[in-house]
Structure formats: structure tokens, C-alpha cells
Amino acid sequence: MVATIEPHAGRTADAVQAEVEAWIDEHWDPALTVREWWSKLATAGLSYSMLAPPYGRGYSREQNAAVFAALRAKGAMGPPAGIGTMLSLPTILTHGTPEQIEQFVPRIIDGTHGWCQLFSEPGAGSDLAGLQTRAERDGDEWVVTGQKVWTSTGQAADYGILIARTDPSAPKHQGITYFLMPMRQPGVDVRPLREMTGHAVFNEVFLDGARVPDSLRLGDLGAGWAVANTTLSHERAGIGEASGGFGRAAPGSIVGHLDRPCSDFLDKARAQMTQGHISPGTVKRFIELAREAGRLEDPMIRQAIADLHTRVQVMGWSARRAKGGAGGRTGVEGPLAKIGMTGTLRRGVELGCAILGPDAQLWGRDAATSGWFQELMVFSPAPGIYGGTDEIQRNIIGERGLGLPKEPGHPREMPFKDLPANATR
Ligand SMILES: Cc1cc2nc3c(=O)[nH]c(=O)nc-3n(C[C@H](O)[C@H](O)[C@H](O)COP(=O)(O)OP(=O)(O)OC[C@H]3O[C@@H](n4cnc5c(N)ncnc54)[C@H](O)[C@@H]3O)c2cc1C
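Residues numbered from 1 in each chain as written. Predicted model: local features only at pLDDT ≥ 70, side-chain atom pairs only at ≥ 80, totals over all residues.

Enquirer: Any chance you could break down the nonpolar core for me, citing the residues and the numbers?
Expert: In this structure, Val144, Leu162, Ile163, Phe179, Leu180 and Met181 are the most contacted members of the largest nonpolar core, which totals 64 residues. Beyond its immediate sequence surroundings of up to four residues, Leu162 is in contact with Leu118, Val144, Phe179 and Met181. Core analysis: the next-biggest nonpolar cluster, separate from the first, contains 24 residues, Met315, Ala319, Leu345 and Leu351 among them. (Core = buried A, V, L, I, M, F, W, Y, C linked by C-beta atoms within 7 Å. Buried ≥ 20, exposed ≤ 12 C-beta atoms within 10 Å, placed from the backbone. Contact = placed C-beta atoms within 7 Å.)

See the structure below:
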């Protein structure tokens, strides 16, 4: 590891930004391949600077924000993003053995491996612990059979974080084990599903005798539900956080971005079109939209823009609280942040429709906004579903935060195999 910036916990955010900008001046070149640039970022501890050395610099949230601000200010490409960094990385760091951490973390933060999340099944979404995919022991390996669905970026993944049932005679939440599964093998069939955005981000995944070595079991046998909850808490907090602002390539060996020049991925407008989130940058774009449409002096539009700006600010603070940055812990910061984000997104879509009127329905080249708003609009139902629906987040807030009684259901100690089919609790 050759890091040219010394880690320093006491450094101000301004000082960090200035130093990282100087580092970028020295190292950044849009002609570098994505692999070369991500490797430089990771080696300098700047990919995920909040991680402890040797992977990061042990920076605070504010110092990390300064690193991102420096990347944006210099127009440089950001670090790898996606399921690997949002979900696999924190889960492996929390539950992995030293060998697993050494095997996977460097290749997540430098983008060598792409990841997907093999949790949801056709009969197990909100009721995730009702999953039916089986993993059976065969010597030093596990043989996995079942079907997953909604698997985002499954077609681009080298590995999947998988939960599977290893003991059907154990109670529902206790017979589940968590694995890090190689995706490119004969027993894994990934079939893309097309969404109404026109893209095929997610997939159905058929597992028919897929194999995982026992050395890639994450956590103890039968302890997968607790490990999965680490993943889910990071998912809720990550979804609640506005992000992005710079072009991003896809990590992993499958899609082939790693050996292309960074300059291929620096189209900011394109990057914002496909993120599906509202950020402070999106609010600025709404202001521009209103100005172009001659609606900026309309008091109703101005009111809605101010409302959206306020919500985006609160959303950012909620996401920081959910990630443990400030304030007390109630245990439901993640669900609160996620609901805040989905509500803000809905307000943004209403605002865009109010500004554009019928033009909001135009698509492609006919679209007044080059399509960024329309893409945001057709994607907007998704965040209220993924990572646990808004209704499920409200259940969690009610039961865990407010202490309301749980929904009636079958006793938690009843063996999974004895539960009636489609039993939801
Ligand atoms: C864009 C997108 C990407 C996704 N990516 C992934 C991925 O990469 N990996 C992955 O594993 N999954 C992924 N998912 C799946 C997602 O986690 C599930 O869709 C979600 O958990 C809901 O499950 P379901 O679709 O089976 O709906 P269901 O659970 O069948 O729910 C249907 C409706 O019933 C409501 N409902 C269900 N139970 C209750 C209850 N107890 N109380 C109140 N209301 C209830 C729900 O809120 C919902 O409105 C993705 C989903 C989307 C939309």
C-alpha cells in the first residue's frame, strides 16, 4: 500500500479537501482505465476513507464528505458503488473471518468484484424469513437449490450475498445461513427482467445445484438471519441517503467497464438520470426546469421548491443519524430515513409534473428535460418497495420504536417445516 496522504484524525474538512484535491491533480487522468483509477483510490485509502486502515483512512463522516467534494470539484470519477460497497462490504467487515475480510474487502473497494443480493424470492419478500431456497451440506461444500427474484445487478455480479435455509426443522428465523456465493458457475442461471424504465436492472436467479464452499459461509450455521439483519440495516440507511453527482462505471469482471477509460463514464447528466434519488443537485435542476418553463415566479411552484429543498436537507440529516453520525439511537433511524427519502422522492415527482404539465409525459428525444425527470418519475415507485416496503418500515417503527404489539402469527419457535404454506409470521 502506497498512500501519499498521511491519515490524520484531527484534520479539518477544508484541509482534507485541499489535500485530496492536490492528490487528484497529481494522480487523476480521464484516460486512465477504470481499473487503474479505482486501484489508485483504494491504495491511497480514498475509496472508502471512513474504513480503518489498511482499507481506508479512518476518516470521520465530515472528512469523508470532503474527499467526495474534492472528487466532484476536480471532475474525477468516484469510487466503485453498488451492492458490493453498500451491503457486502459492511456485512463482511462485521461478520467475516480475517481470511474472508482479506479475500473480499480489497476487491470490493477497488471494484474488481461486482456483487448482487440474493435475498428475495417469489414467496418471500416482505416476509423474507419465509425463504425456501435450500442449502445442503456435501463434504466441504454446500449445494444450493431454489429461486431468487428482483436480484439487482445479478447479471453483472461475480459474487452474491445469499441467504438459504440449512435446517427446515429449526424455527423459521433460526434455520437460515448466510453465504458469499460465486455467481459464475453452471448451477446459477441469471435471467434479466425488463422494468418500465426500459432498463433491465434486476433479474430472476435460478439456483440448481449451485455450489458454495463452507469457507464462504458468513457467520455461524443457522445464524444467517442475524447476519442478514446487518445487511438490511445498511440497506435502509444507504437508501435513505442522497448520493452521487459524478459519473460511475460498474464494478466487476462481467460488464467490462474496468478496462475502459474513465472518460467513457463521466457524463454527469447521464449519471443523475439513472440514480433514482433526489439530492441537493436535483433540487437545483428543478429550479432550472421551472425557470426554463417560465414558472419560477409562480408562488405555488416556489412553495413546492422550498418544501422539497427542506425535505432534502432533513433527508440528509436523517440518513446521517441512521448511519450513527449524530444524535441518540432509537433503533428505528434506518426505517425513518428510508421513509423520509421515499416521501421526498414522491414530492419531487409531483413538483416536476406541476412544472412541466402534459410535457412530463413525453419520453426520449421529445422530452423537454432530455428525459432525466421522466426517468426519475417512472423509477419513483421502486424505492418505496426495495429494501423493505414503506408499509414494512412503518411496522418496524411501530413495533420496535413505539412498542406497539406485534401482528398476530404463528409461534416463533414452531419448526419451519410445520408452518402452513404462505404463513407470514
Ligand atoms: C427496484 C427493486 C430492486 C430490488 N432489488 C433487490 C435485490 O437486489 N435483492 C433482493 O433480494 N431483493 C430486491 N428487491 C426486492 C424487494 O426487497 C422486495 O420487492 C420487497 O421486500 C417486497 O417484497 P415483495 O415484492 O415480495 O412484496 P410483498 O411482500 O408480496 O408485498 C406486497 C404488498 O403487501 C404489503 N405487505 C406485505 N406484508 C405486509 C405486512 N406485514 N404489513 C403491511 N403490509 C404488508 C407490502 O408493503 C406490499 O405493498 C428489489 C425490489 C425492487 C422494486
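Structure shown, so let's carry the discussion forward.
Enquirer: Go over the pairing of strand β4 (residues 159-165), please, and point to the residues and values.
Expert: With seven of seven residues buried, β4 lies mostly within the body of the structure. Burial along β4 is two-sided: Tyr159, Ile161, Ile163 and Arg165 and Gly160, Leu162 and Ala164, pointing in opposite directions, are all buried. Looking at chain direction, strand β1 (residues 115-118) and β4 are connected through four bridges and run parallel. Paired with Cys116 across the two strands is Gly160, which belongs to β4. With seven bridges connecting them, β4 and strand β5 (residues 176-182) associate as antiparallel partners. Considered in β5, the bridge of Ile163 is made with Tyr178. (Helix = DSSP H or I, 4+ residues; strand = E, 2+ residues; numbered from the N terminus. Pairing = 2+ DSSP bridges.)

Enquirer: Could you give an account of helix α4 (residues 83-95), with specific residues and numbers?
Expert: Helix length check: α4, at 13 residues, gives a terminal C-alpha distance of 17 Å against a target of 18 Å (1.5 Å per residue), a fit within 8%. Of all the bends found along α4, the most pronounced is centred on Leu89 and spans about 30 degrees, while Pro90, a proline, follows it within four residues. For α4, the set of buried residues is Ile83, Gly84, Met86, Leu87, Ser88, Leu89, Pro90, Thr91 and Ile92. (Expected span 1.5 Å × (residues − 1). Bend = angle between axes of the 7 residues up to and from the residue.)

Enquirer: Explain the pairing of strand β2 (residues 134-138) residue by residue, including any values.
Expert: Where β2 meets strand β3 (residues 141-148), five bridges bridge the pair, whose relative direction is antiparallel. Counterpart to Ala135 in the pairing with β3 is Val144. Between β2 and β3, which follow one another and run antiparallel, lie two residues, and Gly139 among them has a positive phi close to 65 degrees.

Enquirer: Please set out the site of the ligand residue by residue, giving values where relevant.
Expert: By nearness alone, 19 residues border the ligand, and Phe119, Gly125, Ser126, Trp150 and Thr389 come closest of all. When contributions to the shell around the ligand are tallied by element, the ones reaching two or more residues are β1 and α12 (390-401). Among the elements that take part in the shell around the ligand, α12 stands out by supplying three residues, more than any other. Each residue belonging to the shell around the ligand can be placed in one class, and the counts come to eight nonpolar, nine polar and two charged. Two domains each donate at least three residues to the shell around the ligand, and these are domain 1 (113-235) and domain 2 (276-401). (Near = placed C-beta within 6 Å. Nonpolar A, V, L, I, M, F, W, Y, C, P; charged D, E, K, R; others polar. Domains from an automatic or database assignment.)

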